[in-house]
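# Breakdown of the fold
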Amino acid sequence: MRIGIVGGGLGGLLTTALLSKNHDVVVFEKLPFVGGRFTNINYKGFQLTTGALHMIPHGNDGYLAKLLRECGCNVKIINSNPDGLFRVNGKDYAYKDLFNLVGLKDKLKALKMAANLKMGNVDKSISFGEFLESVELALKVGNAFTGWALSLTAYETPMEEIIEMAKNYHKFGGPGVPIGGCKGVIDELVRVIKNNNGVIKVECEVKGIEIEDDKAYIIGEEFNEEFDVVVSNLSPKLTEKISNVKIIKGKEPKPSKGIKICVATKEGLIKHNGVLFTPECERINGLNQVTNVDISLAPEGYHLVMTHQTQLTNNVKKEIDLGLEDIENLFNGKDYEILHIQSYRDEWPVNHASNGTDLDNVINDRLYLVGDGVKGKGGIEVEGIAMGVMKVVEHINL
Ligand code: FAD
């Protein structure tokens, strides 16, 4: 089959790498580079990113890692150990030790919550915030987790998604960092695609997708190419806008917004390679120090710290200022330099569909969607993208 892929983000490239083994595949990317929100930006020797925090939610054991291996990518992903710690009252605690920070009554309530969540014995119709709200610290910890991992507050996160995420966590474990960061993954996907004779066209903006009964067309200003199948890596909304197909039939996917601040530090802020969740910060939900995994992500003698916060109000400047105040408190007198501040919303959100608002990947036998507007249920970020890609590839190869 001849397959056209619209967009060369992680979703588009992963689909291409898998399909180009058995099909003729062409990728159309509007920018001069591929990777979308999952590649590196070299800034003064620091490997900052176009989006992601250089982390893969289930590390070397999750859906993305499995698909990368399946298509022949040699990506080394170092699992975090510990997965994450939580900073409360200036000290860092493992998840299980948080229960000892509250009074006996709250401890019993929190232990019951954790057991019920593990067994899936929970009301699926409520939000994670409602589930946690009877214990103040649990709600703060929940907000730090959903803010970091999903760019949502706990109240915006459906319990149904949390139950699926908990299952995935128990199956695959916590996050990991790929050597080379996001670009380490993208470079390998490009290598595999080229090896399979797949074609990647950059600076090729797609203006139209025409789906007919027996063929499909990808149209730009100077091209109109015929395919058997089209896979769009654009958001469902944008795909609908440029195609002749109705895609959003029910509720529109709701994007998630966030702010990332990259910090240079000689001394380093955290000693481990997992996430430091910050439930007590005004805005920042968590941070990582990716140079604890791969020193090449910063110039010699420096560490790279990346913080993330969900965008709580529409006043982006105020949100950034509050994030910067949090950083000042976290560094508590240590020397640091703010390298880059990025806000993600509108055309470039954190996720095109916040968890629980994703659409299906299969539109019809000629048009499919991949990417973070169509993640699999309970799939955190790129793991959710990988789940969607798996579904599309299986459907096309049927
Ligand atoms: P994109 O990366 O957006 O790719 C779509 C591609 O389509 C782009 O390259 C775009 O240029 C191209 N395109 C658009 N329009 C056209 C057109 N008309 N014609 C041709 N091409 C077009 N995920 C994690 O797993 N771990 C993290 O640590 C993490 N942290 C994050 C932190 C932040 C601040 C942000 C913003 C995101 C984070 N994510 C993280 C999420 C993750 O980065 C994204 O979900 C993922 O990269 C999206 O990939 P995608 O393929 O769906 O879309």
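The residue count restarts for each chain, going from 1 along the sequence in the order it is written. Thresholds applied to this predicted model are a pLDDT of at least 70 for local features of residues and 80 or more for the giving and counting of side-chain atom pairs; totals over whole chains, interfaces and linings are not thresholded and use all residues. Working from all heavy atoms in the structure, the side-chain values ignore hydrogens and water.

## Things to note about the packing of aromatic side chains
The geometry of an aromatic ring pair comes down to the distance between the two centres and the angle between the two planes. Only rings of Phe, Tyr and Trp enter the pairing, Trp through its six-membered ring, and a pair is recorded when the two centres are within 6.5 Å. The plane angle decides the type: under 30 degrees is stacked, over 60 is edge-to-face, the rest tilted. Inspection of the entire model under this criterion finds nine aromatic pairs. Ring geometry for Phe46 against Tyr302: centres 5.6 Å apart, planes inclined by 75 degrees, an arrangement best described as edge-to-face. Of the two residues, Phe46 is situated in strand β4 (residues 46-49) and Tyr302 in the loop between β16 (286-289) and β17 (303-310); the sequence distance between them amounts to 256 residues. With a 1.4 Å probe rolled over the protein chains alone, any residue whose accessible area is under 20% of its type maximum counts as buried; one over 50% counts as exposed, and the rest are partly exposed. The buried category is assigned to Phe46, whose relative accessible area is 4%. Aromatic ring contacts, followed pair by pair, group Phe28, Phe223 and Phe227 into a single cluster. The numbering of helices and of strands both runs from the N terminus, where a helix is a DSSP run of H or I of at least 4 residues and a strand a run of E of at least 2.

## Notes on the nonpolar core
Joining through side-chain atoms within 4.5 Å is the link that ties buried Ala, Val, Leu, Ile, Met, Phe, Trp, Tyr and Cys residues into a set, and such a set is a nonpolar core. Ranked by internal contacts, the top residues of the largest apolar core, which has 45 residues, are Leu14, Phe38, Leu189 and Val231. Within the residue set of this core, elements represented by two or more residues are β1 (2-6), α1 (10-19), β2 (24-28), α2 (63-70), α8 (181-195), β13 (229-232) and α11 (381-397). The biggest single contributor to this core is α11, with nine residues. One finds Leu98, Leu139, Met159 and Met306 within the second-largest nonpolar core, a separate group that totals 43 residues.

## Examining the pattern of salt bridges
A side-chain nitrogen of Lys or Arg and a carboxyl oxygen of Asp or Glu constitute a salt bridge if their distance falls within 4 Å. Counted according to the given criterion, the structure contains 23 salt bridges. The partner of Arg345 in a salt bridge is Asp346, with the nearest N and O atoms 3.9 Å apart. Note on Arg345: relative accessible area 33%, which makes it partly exposed. Residue Asp346 is classed as exposed on the basis of its relative accessible area, which comes to 63%. Where Lys391 meets Asp360, a salt bridge forms, and the shortest distance between an N and an O atom there is 2.5 Å. Residue Lys391 is found in helix α11, and its partner Asp360 is found in the loop between β18 (337-344) and β19 (367-369); the two are separated by 31 residues along the sequence. You can call Lys391 partly exposed: its relative accessible area is 38%.

## Some thoughts on the domain arrangement of the protein
The domain boundaries here were taken from an automatic or database domain assignment. By the assigned domains, the protein splits into domain 1 (2-79 + 179-252 + 358-397), domain 2 (84-172) and domain 3 (258-344). Each of domain 2 and domain 3 has a C-alpha centre, and these two points are 23 Å apart. Each partner contributes residues to the interface: domain 2 has 17 residues there, and domain 3 has 18 residues. Summing the contributions of domain 2 and of domain 3, the shared interface buries around 1,600 Å²; its carbon and sulfur component is 65%. Looking only at domain 2, the three residues that lose the most surface to domain 3 are Leu85, Arg87 and Trp148, adding up to 46% of its buried area. Distance and chemistry together define a polar contact, namely a pair of N or O atoms within 3.5 Å, with one atom able to donate a hydrogen and the other to accept it when in protein, and with adjacent residues in sequence counting only for side-chain atoms on both sides. Linking domain 2 with domain 3 are six residue pairs in polar contact (both at pLDDT 80 or more), by the criterion used here. Within the residue set of the side of domain 2 that touches domain 3, elements represented by two or more residues are β6 (84-88) and α6 (136-150). The element contributing the most residues to the side of domain 2 that touches domain 3 is α6, with seven residues. Contacts were defined at the residue level, with two residues in contact if any of their heavy atoms lie within 4.5 Å. Reported buried area values correspond to the accessible surface (1.4 Å probe) lost by two parts on association, with both partners' losses combined.

## Some remarks on the site of the ligand
Here a residue is considered near a molecule or strand provided that any single heavy atom belonging to it is located within 4 Å of it. In the vicinity of the ligand, 35 residues are found, and the nearest of them are Gly11, Glu29, Arg37, Met55 and Asp372. All accessibility values rest on the Shrake-Rupley procedure with a 1.4 Å probe; residue burial counts only the protein chains present in the view. In isolation the ligand has 1,000 Å² of accessible area, and contact with the protein removes 96% of it. Going through the elements one at a time, α1 and α11 are the ones with two or more residues in the shell around the ligand. The element that contributes the greatest number of residues to the shell around the ligand is α11, accounting for three residues. In terms of residue class, the shell around the ligand is made up of 17 nonpolar, 11 polar and seven charged. Domain assignment of the residues forming the shell around the ligand places at least three in each of domain 1 (2-79 + 179-252 + 358-397) and domain 3 (258-344). Polar here means any residue outside two lists: the nonpolar Ala, Val, Leu, Ile, Met, Phe, Trp, Tyr, Cys and Pro, and the charged Asp, Glu, Lys and Arg; Gly therefore counts as polar.

## Brief notes about α6
Compared with an ideal rise of 1.5 Å per residue, which puts 15 residues at 21 Å, α6 spans 21 Å between its outermost C-alpha atoms and is within 8% of the ideal. Most of α6 sits out of view: 11 of its 15 residues are buried. Listed in full, the buried residues belonging to α6 are Leu137, Ala138, Leu139, Val141, Gly142, Ala144, Thr146, Gly147, Trp148, Ala149 and Leu150. Just downstream of α6, Ser151 is the residue with a positive phi angle, here 60 degrees. Any helix carries an expected span of 1.5 Å times its number of residues minus one.

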